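Examination of the molecular architecture
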Amino acid sequence: MSEQFYYFLQQILNGVTIGSTYALIAIGYTMVYGIIGMINFAHGEVYMIGSYAAFFVLAGLAMLGFDSLALMLIAAFTLSIVITSAYGWSIERVAYRPLRGGNRLIPLISAIGMSIFLQNFVRLAQGSRDIAMPSLISGGWVIGPVDGFNVTLSYMQVIIFVVTFISMSVLTAFISKSKMGRACRACAEDLGMANLLGINTNKVISITFVIGAALAAVAGVLLSMYYGVINPYLGFMAGLKAFTAAVLGGIGSIPGAVLGGLLLGITEAITAGYFSSEYKDVVAFGLLCFVLLFMPTGILGKPEVEKV
Amino acid sequence: MNKWTKTAAGVAASLALLGSATLAHAADTIKIAMAGPVTGPVAQYGDMQFTGGNAAIEMINKAGGINGKQLEAVIYDDACDPKQAVAVANKIVNDGAQYVLGHLCSSATQPASDIYEDEGILLITAASTSPEITSRGYELVFRTIGLDSDQGPTAANYIINTVKPKKVAVIHDKQQYGEGIASSVKAGLEAANIPVVAFEGITAGDKDFSAIIAKLKKLDVDFVYYGGYHPELGLLLRQSKEKGLNATYMGPEGVGNKDISAIAGEASEGLLVTLPKKYDLDPANKAVVDHIVAKGEDATGPFVWTGYAAIQAMAQGMKAGKTDPFELAEYLRANTAQTVMGDLQWDSKGDLKGFEFGVFTWHKDGTSTQNQ
């Protein structure tokens, strides 16, 4: 097989890795929007808190002398999900619930305020310098010729694909099969009517924030281990890209968020690989404009039906 | 004596001491303001400058001071913030100091220097490398460090004469500092017929550089110059190692920070960095190093020495009787100052004539050794 093919394969793998993580974060935006029609701009910061939680768990276990990889991973995922979900739940309780039912702009401003608050809270508590994460899983496969261009695929990349895939499957099953999932779908369809029919909408909304935060925590653990560095500002850029992915795929639609994330990641990798990395954001956002021109609700978004 | 009277007595005693100290100093000391970050994310660079400045003042005082008068250092914290720097500058004006060592960050030095120039206060900065600071025709602004634009030629010469790579890529972070140096390195390499096969910008704050690394690997690049700061270069180094790109990296003084080894780990071994020379290794400066180490401070930072030299230059002018800031500025432009950095001369703008950066090899434990 030719060098061109290996190069293309490498860029696709790079794109799918970035895209998977965009997708995990994008779910949080899309679920909240689907149910209460609000964009939770603090979601990027929730992801950042997930990264910090993972760092504390891993550093703490390492200090206590644990060296079992499986134990450390399980502890990092579990504790990070618990802590980050608690943040997600509290954010909704403190910053959004008291404002529900008012003008849509008010919770939006509250979300931006929450985002600034969380970023500065972590900055003041942990310092603004980059923190290096211990790298637990290193190494990977090399595909292709030994001399000349070969494709590298690290174990961590494979873990990212697999974990993303499992999280998505579990979430889809939860939404389509469970009683709570049915309540979520009912709320997404018509919050007022669901309330009248005896669904505890406050609980459903809280659960939505908790699920979004839990997925952001998964992304936080995976990415902080993959890149090895965390700082209080990493939520902003990640949040912006994930939000773009959610809009591209059709905000409110869970498969749309996954599709949007992957599409955005692959577009960025291909642009950087074949043209110039200076244009990767230009092309990615250009694609967003182009898609929205022809499909204003995104690729898989349903046209909004006027609720009577 | 109960607790309250004890405290009151203590306070009264210390107030009395302070009062007498100020009175005693007001008569026969020359006040030098030292402004820089005592707090904030770059406070470690501020410490270097204060260590050097204080050491210089103590040693000059021990040797008899300036024609019988002692120097006195007063430290001001600007946290490297332009707004706070302006507040500090106004405070220095009110406190009546006529000479300032500082500020540290270019973005803080620039607005503060407007105030000093208006109020007739002499400023020597030991760390601000932005060309803008001395390009406004100010009479009272000097520096004891090179400019951003000096690092490009130093790096290019080293690459051409010592590294001699086959294929070079130049990457930058699209910001004023990084892209400026990167362009200058590229121009230097092309003038010597070394092919630059890729010249690209990345986005500061990005975490994933796998796409550009795959591209460099395909182009079979064996040397990469990066213009920018340490967070992005740290990730580039780390990801290059993971993706099997075997290239030597080089960067400007903005990457030469212990954090890069924390981020990149083993991948930071062998990185080349242009930094001000290590004056602490010069045998002529042994007495100064001993003095600083005896106080329990660190003598290795670059700004320790540029700060020390700035005070020495001021003191030399004052000893020659030029205590008025304007006369002192004229003296510095016309004469050669003997300092720990060697003989220093300034041009009409207040920049050093012939300041040279050294090239260092970085190690994975955060230390570095000088190559040239």
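In what follows, the structure referred to is the one given above.
Conventions adopted
Residues numbered from 1 in each chain as written. Chains lettered and ligands numbered in written order. Predicted model: local features only at pLDDT ≥ 70, side-chain atom pairs only at ≥ 80, totals over all residues. Heavy atoms only, no water. Buried < 20%, exposed > 50% of the residue type's maximum accessible area, 1.4 Å probe, protein only. Helix = DSSP H or I, 4+ residues; strand = E, 2+ residues; numbered from the N terminus. Pairing = 2+ DSSP bridges. Disulfide = S-S within 2.5 Å. Contact = heavy atoms within 4.5 Å. Buried area = accessible area lost by both parts, 1.4 Å probe. Salt bridge = Lys/Arg side-chain N within 4 Å of Asp/Glu carboxyl O. Patch = residues over 30% accessible without salt bridge, like charges linked within 9 Å, V, L, I, M, F, W, Y side chains within 5 Å. Areas by Shrake-Rupley, 256 points an atom, 1.4 Å probe, with all protein chains shown as cover. Axes fitted to C-alpha atoms, helices over the stretch in contact; angles between N-to-C directions. Core = buried A, V, L, I, M, F, W, Y, C linked by side-chain atoms within 4.5 Å. Parallel < 35°, antiparallel > 145°, perpendicular 65-115°, else oblique. Nonpolar A, V, L, I, M, F, W, Y, C, P; charged D, E, K, R; others polar. Left-handed = near helix turned anticlockwise from the far one by under 90°. Lys, Arg positive; Asp, Glu negative; His and termini not counted. Charge placed at Lys NZ, Arg CZ, Asp CG, Glu CD.

1. Some points on the pairing of strand β4 (residues 122-125) of chain B
All names here are of chain B.
- Taking every second residue as pointing to the same face, both faces of β4 are buried, with L122 and I124 on one and L123 and T125 on the other.
- Here strand β3 (residues 99-101) runs beside β4; their pairing, made up of three bridges, is parallel. Considered in β4, the bridge of Y99 is made with L122.
- Pairing analysis gives three bridges linking β4 to strand β5 (residues 141-143), with the strands arranged parallel. Its bridge partner being in β5, L123 is matched across the sheet by V141.

2. Comments concerning the state of the cysteines
All names here are of chain B.
- A full pass over the atoms with the stated rule returns one disulfide over all chains.
- Disulfide pairing places C80 opposite C105 at an S-S distance of 1.7 Å. In this structure the cystine formed by C80 and C105 twists about its S-S bond by roughly -115°; its chirality is therefore left-handed. Here C80, found in the loop between β2 (70-77) and α3 (82-95), pairs with C105, found in the loop between β3 and α4 (106-119); they are 25 residues apart in sequence, far enough to count as distant.

3. Here's the deal with the interface of chain B and chain A
- Listed as interface residues are 28 residues of chain B and, on the opposing side, 33 residues of chain A.
- For the pair chain B and chain A, the summed buried surface comes to about 2600 Å²; carbon and sulfur atoms form 48% of the total.
- Here chain B is connected to chain A by one salt bridge.
- Residue K280 of chain A is joined to D206 of chain B by a salt bridge in which the shortest nitrogen-to-oxygen separation is 2.5 Å.

4. Side note on a nonpolar patch on the surface
- On the surface, V162, F165, I166 and V170 of chain A cluster together to form a nonpolar patch covering roughly 400 Å² of accessible area.
- Inspection of the secondary structure puts F165 of chain A in helix α5 (residues 155-177).

5. Overview of the sheet that holds strand β6 (residues 168-172) of chain B
Residue and element names in this part refer to chain B.
- Taken together, seven strands build an open sheet; the order of strands is β7-β6-β8-β9-β10-β13-β14 and the sheet is mixed. The outermost strands of the open sheet, each flanked by one partner alone, are β7 (196-201) and β14 (368-370). The average undirected angle you get between the axes of adjacent strands in this sheet is 25°.
- Sheet strands touched by helix α8 (residues 230-242): β8 (223-227) and β9 (248-251). Its angle to β9, the strand with the most contacts, is close to 180°.

6. Quick word on the nonpolar core
- With 106 residues, the main nonpolar core has Y96 of chain A together with L216, L233, L236 and Y249 of chain B as its most contacted residues.
- When residues in this core are grouped by element, the largest group, 15 residues, is from helix α8 (residues 201-227) of chain A.
- Excluding residues that lie within four positions of it along the chain, L216 of chain B makes contacts with A169, I171, A198, V221, V224, L245 and Y249 of chain B.
- In terms of nonpolar packing, the next biggest core, distinct from the first, is built from 49 residues, A56, A127, V304 and F355 of chain B among them.

7. Focus on the packing of helix α11 (residues 302-319) of chain B against helix α12 (residues 325-334) of chain B
All names here are of chain B.
- Relative orientation of the contacting elements α11 and α12 amounts to 110°, with a least axis distance of 10 Å. By the angle between their directions, the pair α11 and α12 is classed as roughly perpendicular. Contacts from A313, M314, Q316, G317 and M318 of α11 reach α12 at L328, Y331 and L332.
- Counted by class, the contact of α11 with α12 contains six nonpolar, two polar and no charged residues.

8. What to know about the packing of helix α1 (residues 3-36) of chain A against helix α2 (residues 43-64) of chain A
All names here are of chain A.
- Their axes nearest at 10 Å, the elements α1 and α2 cross at an angle of 135°. Between α1 and α2, the angle is such that the two are oblique. Judged by the sense of rotation from one axis to the other, the crossing of α1 with α2 is right-handed. Each of I25, G28 and Y29 in α1 lies in contact with α2, whose residues at this interface are H43, G44 and Y47.

9. Some words on unusual backbone geometry
Residue and element names in this part refer to chain B.
- Of note, the bond from G102 into H103 is cis; its omega dihedral lies within 30 degrees of zero at -20°.
- Following the sequence through the fold, H103 ends up in the loop between β3 and α4.
- Positive phi values are uncommon outside glycine, yet A79 reaches one of about 50°.
- Here A79 lies in the loop between β2 and α3.

10. Brief notes about a negative patch on the surface
Residues and elements named next belong to chain B.
- A contiguous patch of negative charge, built from E139, D324, E327 and E330, is present on the exposed surface.
- Take D324: it is sitting in the loop between α11 and α12.
- By relative accessible area, which is 33% here, D324 ends up partly exposed.

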